Amino acid sequence: MNISLSSIDKSRFGITTAKIQLAGDEPVPDINAWCDANSVELLIARCRCDDIALVQKLEADGFFLTDTLVYYRNKELTQSADVLKEGYSTRFATAADAATVGALAEVTFAGYTGHYHADPRLASADCDAVYSSWAASSCASTAVADQVILIEHGGKAVAFATVKKVESYMMEGVLFGVSPEHQGRSLYNALRLLAQNWAMNHNFKQMIVSTQVTNLAVQKVWCRQRFEPFKSYYTFHKWFAKPAR
């Protein structure tokens, strides 16, 4: 089973959390037994949307839907020059930028709701911190992101993108954020182009991105930019009885 404990969720929510990527052939009783053996309180599971039989098994076992992710792919990456407007510059983040990028993500993703927010048993404030801690960790650890791209204005970071290797030929644009004061200046598109440039410079042939299925605005942008939908996933949560202390 592709299941593991999540230390970052443990520190964030104060509960023993595990994550699993389901392929469709894992018996649900075996998953539950693993969680019981490891004192798991919350299990976060993902499966492909087209695996309806598995979805029905999960729902019958007490899992509940928290979001639907759709992935888009560009199989023909191209290099782009002069992607930034006058007054803006770009550089790669270092570990020293972690706090700055975390704070930028906090304002960028304010009001954004993911699968954590959809779970009524998780505190809203803790869910809000998910993206800021994720972005900060992307600067500090290559296990989270292979690179963080910054856009600066007046010496201040105003936009960021995190990228991660998926396969030898494919990279993922994971998080994209633009400061509210600098939105409407094509910086989101600039981040995407900068990410593509980074991908090509590192011999990647394809790029993928994902968002919630309800986020139609960004999907329209991706379609205009030669990205095409190619897979989708459901995210489920399941709570287990809290172990005795």
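Residues numbered from 1 in each chain as written. Predicted model: local features only at pLDDT ≥ 70, side-chain atom pairs only at ≥ 80, totals over all residues. Heavy atoms only, no water.

Here we look at the packing of aromatic side chains
Right, on to step 1. This structure, assessed with the given rule, holds 10 aromatic pairs.
Right, on to step 2. Judged by centre distance (5.7 Å) and plane angle (80 degrees), the ring pair of Tyr71 and Tyr233 falls under edge-to-face. Here Tyr71 is found in strand β4 (residues 64–74), whereas its partner Tyr233 is found in strand β10 (residues 228–239), with 162 residues between them in sequence. Pair check on accessibility: Tyr71 and Tyr233 agree, each one buried.
Right, on to step 3. Put simply, the rings of Phe109, Tyr112, Tyr131 and Trp134 pair up and form one aromatic cluster.
Right, on to step 4. Lying across the ring of Trp239, Arg121 places its NZ or CZ 4.1 Å from the centre. (Phe/Tyr/Trp six-rings, centres within 6.5 Å; stacked < 30°, edge-to-face > 60°. Helix = DSSP H or I, 4+ residues; strand = E, 2+ residues; numbered from the N terminus. Buried < 20%, exposed > 50% of the residue type's maximum accessible area, 1.4 Å probe, protein only. Lys NZ or Arg CZ within 6 Å of the ring centre and 35° of its normal.)

Here we look at the environment of Glu228
Right, on to step 1. Inspection of the secondary structure puts Glu228 in strand β10.
Right, on to step 2. On the basis of relative accessibility, which here comes to 52%, the residue Glu228 falls in the exposed class.
Right, on to step 3. For the pair formed by Glu228 and Ala33, sequence separation is 195 residues and the distance between their alpha carbons is 39 Å.
Right, on to step 4. Every residue in contact with Glu228, bar those within four places of it in the chain, is listed here: Tyr71, Tyr72 and Arg73. (Contact = heavy atoms within 4.5 Å.)

Here's the deal with the sheet that holds strand β1 (residues 3–5)
Sheet strands pair by backbone hydrogen bonding; their relative direction is either parallel or antiparallel.
Right, on to step 1. An order of β1-β2-β3-β10-β4-β9-β8-β7-β6-β5 is seen for the 10 strands of this open sheet, with the pairing classed as mixed. The two strands at the open ends of the sheet, each matched to only one other strand, are β1 and β5 (88–92). Taking each pair of neighbouring strands and ignoring which way they run, the sheet shows an average axis angle of 25 degrees.
Right, on to step 2. With five bridges connecting them, β5 and strand β6 (residues 147–153) associate as antiparallel partners. Bridge pairing in β6 places Thr90 opposite Ile151.
Right, on to step 3. Packed onto the sheet, helix α2 (residues 28–37) meets β1, β2 (17–21), β3 (42–48) and β10 and runs at close to 20 degrees relative to β1.
Right, on to step 4. Docked against the sheet, helix α6 (residues 187–201) engages β4, β5, β6, β7 (156–167), β8 (170–178) and β9 (206–212), running at close to 155 degrees with respect to β8. (Pairing = 2+ DSSP bridges. Axes fitted to C-alpha atoms, helices over the stretch in contact; angles between N-to-C directions.)

So, unusual backbone geometry
Right, on to step 1. In this model, Ser186 sits at a positive phi of 65 degrees, which is unusual for a non-glycine residue.
Right, on to step 2. Take Ser186: it is sitting in the loop between β8 and α6.
Right, on to step 3. Not every positive phi belongs to a glycine, and Asn203 is a case in point at roughly 70 degrees.
Right, on to step 4. On the basis of relative accessibility, which here comes to 58%, the residue Asn203 falls in the exposed class.

Note that all results are geometric; they support no functional claim without further evidence.
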